[in-house]
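The lines below spell out each chain.
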Amino acid sequence: MATFVRLPSGSWRAVVRHKNKYVSRTFQLKEDARGWARDQERAIDQGRTPVTARSQRTQTFGDLIDLHIADMKEVGRPPGRSKSATLEMLKRELGDLKAGELDRERLVKFGRARAKEGAGPVTVSMDIGAIRLVITHAAAVHGLPVQVEPIDLARVALKRLGLVGKSKERDRRPTEDELARLFAEFDGNERSTLPLTRIVQFAIATAMRQEEICRITWADFNARTKMQLIRDRKDPREKRGNDQRIPLLAVSGYDAMALIEDQRAIRGNEDDRIFPYNHRSVGTAFRRACQELQIEDLHFHDLRHEGTSRLFEAGFEIQQVALVTGHKDWKMLRRYTHLKPEALHAIAATRAA
């Protein structure tokens, strides 16, 4: 049953308590309050979520974005840097529209405009995914009457137009000659303060990401067990607290433990990081060296691919490799099994021993 309370201001507050659901709203006229209360009771009877006071204030898609961000912050899962940038862009481009105005036609127009601006199929796909996330959140968490189907139809249309798509899987691996040339370039650069040869070798030995290498600490290093803790390792679902201990091996042609000990010799007291360098500076220096040596289409992240493939070439099984790389979905590791034919001799010799 609904109750109606006259406020000192003269307005009327409708309070609906029905089937363990509670919702309230304030109106200037009592008749409007009665009509709204009937709608809420009907929604509850039909199994729909009544409109809460918090979600009542949402009028535009921008409001839905703010609602989503506030909810995620409330549960300790605020958007990361990349997602925040995407949401800011969506709020800037589409935030003034009513949620109901985000129909298939409007979203296809948005996708076309993004493509004209230079956004690739993967970026446009992520944009559409973020829109769907916000709308789905509003419907699932707050019971708002918003539709997801137009977004799905827009994605189908944009895919047919070639404007959305998945990223292409890279299989680029550095050759031994390319690595030798890079090491010579790094070691011969007297102006650089970065031990790039050691960092590149460590990247291959551990299959760590560029940012992870420049974040691991001495406090998380265990020389006795030859283990290293990587905190907040990248994961598509868990952005924080995804800590992982990995073994420091010497099977990839480079000894991870020895490389860390080399860093100990130049350790400073002011920074607990093993590799106390800006990861962006490392990436910039790597790209510059590749350009100088005319090594085409080689990225620092390809070293993670190289390290992962070398683990397979050393004879490790997929579940063992995952303990080093941090992959929770073993299917993702299949693309790294680009073994060099000559590696089969070493694997066969190991099994025969």
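As shown above, the structure is provided for reference.
Residues numbered from 1 in each chain as written. Predicted model: local features only at pLDDT ≥ 70, side-chain atom pairs only at ≥ 80, totals over all residues. Heavy atoms only, no water.

### Looking at the packing of aromatic side chains
Part 1 of the reasoning: Inspection of the entire model under this criterion finds five aromatic pairs.
Part 2 of the reasoning: Seen from their ring centres, phenylalanine 183 and tyrosine 254 are 6.3 Å apart, and the 85° between their planes marks the pair as edge-to-face. Highlighted residues: phenylalanine 183 in helix α8 (residues 176-188) and tyrosine 254 in the loop between β6 (244-247) and α11 (256-264), separated in sequence by 71 residues. Tyrosine 254 matches phenylalanine 183 in its accessibility class, with the two residues each being buried.
Part 3 of the reasoning: With a centroid separation of 5.0 Å and an interplanar angle of 45°, the aromatic rings of phenylalanine 202 and phenylalanine 275 are classed as tilted. With a gap of 73 residues between them, phenylalanine 202 in helix α9 (residues 196-206) and phenylalanine 275 in the loop between α11 and α12 (279-292) connect regions that are remote in the sequence.
Part 4 of the reasoning: In this structure phenylalanine 275 comes out as buried when scored by relative accessible area, which is 0%. (Phe/Tyr/Trp six-rings, centres within 6.5 Å; stacked < 30°, edge-to-face > 60°. Helix = DSSP H or I, 4+ residues; strand = E, 2+ residues; numbered from the N terminus. Buried < 20%, exposed > 50% of the residue type's maximum accessible area, 1.4 Å probe, protein only.)

### Notes on the packing of helix α4 (residues 81-94) against helix α6 (residues 121-142)
Part 1 of the reasoning: For the pair α4 and α6, interaxial distance at closest approach is 10 Å and the crossing angle is 80°. One element, α4, and the other, α6, form an angle in the roughly perpendicular class. Taking contact as the criterion, the partners of Lys83, Thr86, Leu87, Met89, Leu90 and Leu94 in α4 are, on α6, Asp127, Ala130, Ile131, Leu133 and Val134.
Part 2 of the reasoning: In the contact of α4 with α6, the residues fall into eight nonpolar, one polar and two charged. (Axes fitted to C-alpha atoms, helices over the stretch in contact; angles between N-to-C directions. Parallel < 35°, antiparallel > 145°, perpendicular 65-115°, else oblique. Contact = heavy atoms within 4.5 Å. Nonpolar A, V, L, I, M, F, W, Y, C, P; charged D, E, K, R; others polar.)

### Remarks on the side chain of glutamine 210
Part 1 of the reasoning: Considering the arrangement of structural elements, one finds glutamine 210 in helix α10 (residues 210-213).
Part 2 of the reasoning: A distance of 2.5 Å separates a polar atom in the side chain of glutamine 210 from the backbone oxygen of histidine 279.
Part 3 of the reasoning: Glutamine 210 has contacts with His279, Arg280, Gly283 and Phe300, leaving out every residue within four places of it along the chain. (Polar contact = N/O pair within 3.5 Å; in protein donor to acceptor, adjacent residues only side chain to side chain.)

### A few points about the pattern of salt bridges
Part 1 of the reasoning: One pass over the full model with this rule turns up 19 salt bridges.
Part 2 of the reasoning: For aspartate 39, the salt bridge identified is with arginine 42, shortest N-O distance 2.9 Å. Taken together, the residues span about one helical turn, with aspartate 39 and arginine 42 both in helix α1 (residues 30-45) at a distance of three residues.
Part 3 of the reasoning: By relative accessible area, arginine 42 is classed as partly exposed at 41%.
Part 4 of the reasoning: Arginine 310 serves as the salt-bridge partner of glutamate 176, at 3.0 Å between the closest nitrogen and oxygen. On the criterion of sequence distance, the pair formed by glutamate 176 in helix α8 and arginine 310 in helix α13 (residues 302-313) is long-range, its members being 134 residues apart.
Part 5 of the reasoning: Taking the relative accessible area as the measure of exposure, glutamate 176 reaches 47% and is therefore partly exposed.
Part 6 of the reasoning: Arginine 310 sits in the buried class, given a relative accessible area of 9%. (Salt bridge = Lys/Arg side-chain N within 4 Å of Asp/Glu carboxyl O.)

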